[in-house]
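# Per-entry structural report
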Amino acid sequence: MSDWLPLSPAERSVAIEVLVHGPLSRTELAHRLRLSQGSLTRLTKPLIESGLLVEAPWAGAPAEARQGRPSQPLDVVAESRSFLGFKITDEMVYGVVTSLRSDIVARLDRPLTSHDPERVADLLAAMAAELAAGHPAVAGMGIGVGGFVRDHAVVGESPYLRWRDVPLAELVRERTGLPVVVENDVAALVEAETWFGAGRGLDRFVVLTIGAGIGYGLVLGGKRVPYAEEDRGFGRHWIIDPLGPLTPEGERGSAVSLLTIPSIRYQIRAATGRDASYEEILAGAAEAEPMAARVIGEAGRALGTLLAQIANFVLPQKILLAGEGVGLMDVAGDMVLDAVRTHRHPLAAPVRLETKVSDFHDWARGAAVLAIQVLVLGGADG
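Residues numbered from 1 in each chain as written. Predicted model: local features only at pLDDT ≥ 70, side-chain atom pairs only at ≥ 80, totals over all residues. Heavy atoms only, no water.

### Points about the overall build of the protein
Across its full length, the protein holds 12 helices and 15 strands. Taking 382 residues into account, the globule formula puts the C-alpha radius of gyration at 21 Å, and the protein, at 23 Å, falls close to it. Dimensions of the protein along its principal axes, counting C-alpha atoms only, are 70 × 55 × 35 Å. Taken over 382 residues, the protein has a buried fraction of 53%. Contacts spanning at least 24 positions in sequence make up 61% of the contacts within the protein whose residues lie at least 6 apart. (Helix = DSSP H or I, 4+ residues; strand = E, 2+ residues; numbered from the N terminus. Rg over C-alpha atoms; globule rule 2.2 N^0.38 Å. Buried < 20%, exposed > 50% of the residue type's maximum accessible area, 1.4 Å probe, protein only. Contact = heavy atoms within 4.5 Å.)

What follows is the structure, encoded as structure tokens:
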């Protein structure tokens, strides 16, 4: 797979620190990892010789200040390997190529015309070949799926694809010859934001996604917290308003019934008999159209209540709100923030909220980050 491997646990810790926080001087790196200069030199030597790390001069420093090993920071060679990332929805497959630092350098999307696992694997293999053609140093690939995933390999359950116990990693690996990692798409997004995005350097961090469903990810001590029921319906039983709407998905007044795009569209359709897109509903609410304004207003208050509850119990340094439903903040942002304040102690610190307008390529990038973690650096928990 790579001439970097195998990395010892100590080498892996050095590589991850430089990857996520670099470039770093040897002094800073030794301090962060609590290593002596001698131990650090012993650990970094093979990483430099293998091409994973490089000694780079300080940007902007005069030539005389850049001479000598102590003044040279260590950095990863981000372009030395490429990684493929894919996000599978019920209608499309979104693909990206990233560098070792998860910068997207190419994109490719294809319609998903069949949910048959063999056909999906065929499509992923064809897309991988097309993407890899222009990036020959591909070290592996990650695949994000909305559903429950076991052992980075088997889709145990996916309601969107109607899959159960599908060995997706094996099917794709047989067709591509590449190492493959499969993960729940929200978990992959959380890992990407923790390493390279909004949660970088934070001890306590939460990702909340709203869109076709509700996704939740918790980071404590700088590491994502896995949980057994991951993507088995977060939000379906989180009751925000016991007298709230009843929709086909989720209990009455649950986060799913109040906040997801299908539920919002269902409420409008049930009340008006008209099938409107999410964007049309948001626009109607912005123009004070009564039914759209009522439904979006309820959603805004529900989102604020949910954010406040998360903040009250988790005490995060930041909450990242992401997903295709975040346009709700543009129309009902004031209602969201009012509800947050209502459900927080008057002296509580303000909730640090970041909203990320993202598309499915960000989710595909998250899958590529999982590939970087698991295939190259030895695992997301390493």
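The rest of the description comes next.
### Considerations on the environment of Val182
The topology assignment puts Val182 in strand S10 (residues 180-184). Sequence-wise, Val182 and Gly22 are 160 residues apart; in three dimensions their C-alpha atoms are separated by 27 Å.

### Let's talk about the side chain of Ser254
Tracing the backbone shows Ser254 in the loop between strand S13 (223-224) and helix H7 (255-259). Note on Ser254: relative accessible area 0%, which makes it buried. Apart from the residues within four sequence positions on either side, Ser254 is in contact with Gly235, Arg236, Trp238, Ile239 and Ile240.

### Structural notes on the nonpolar core
Counting 37 residues, the largest nonpolar core has Leu208, Leu259, Ile296, Leu303, Ile310 and Leu328 as its most contacted members. Of all the elements in the fold, those that place two or more residues in this core are strand S11 (204-210), strand S12 (214-220), H7, helix H8 (261-272), helix H9 (278-286), helix H10 (290-314), strand S14 (318-322) and helix H11 (328-342). Top contributing element to this core by residue count: H10, with 10 residues. Every residue in contact with Ile310, bar those within four places of it in the chain, is listed here: Val206, Leu208, Tyr216, Trp238, Leu315, Pro316 and Ile319. (Core = buried A, V, L, I, M, F, W, Y, C linked by side-chain atoms within 4.5 Å.)

### Some words on the packing of aromatic side chains
Following the criterion strictly, the structure yields two aromatic pairs and no others. An angle of 65° between the planes, with centres 6.0 Å apart, marks the rings of Trp195 and Phe196 as edge-to-face. Judged by relative accessible area, Trp195 falls into the buried class, the value being 9%. Using a relative accessible area of 16% as the deciding quantity, one classes Phe196 as buried. It is Lys87 that lies over the ring of Trp363; its NZ or CZ is 5.2 Å from the centre. (Phe/Tyr/Trp six-rings, centres within 6.5 Å; stacked < 30°, edge-to-face > 60°. Lys NZ or Arg CZ within 6 Å of the ring centre and 35° of its normal.)

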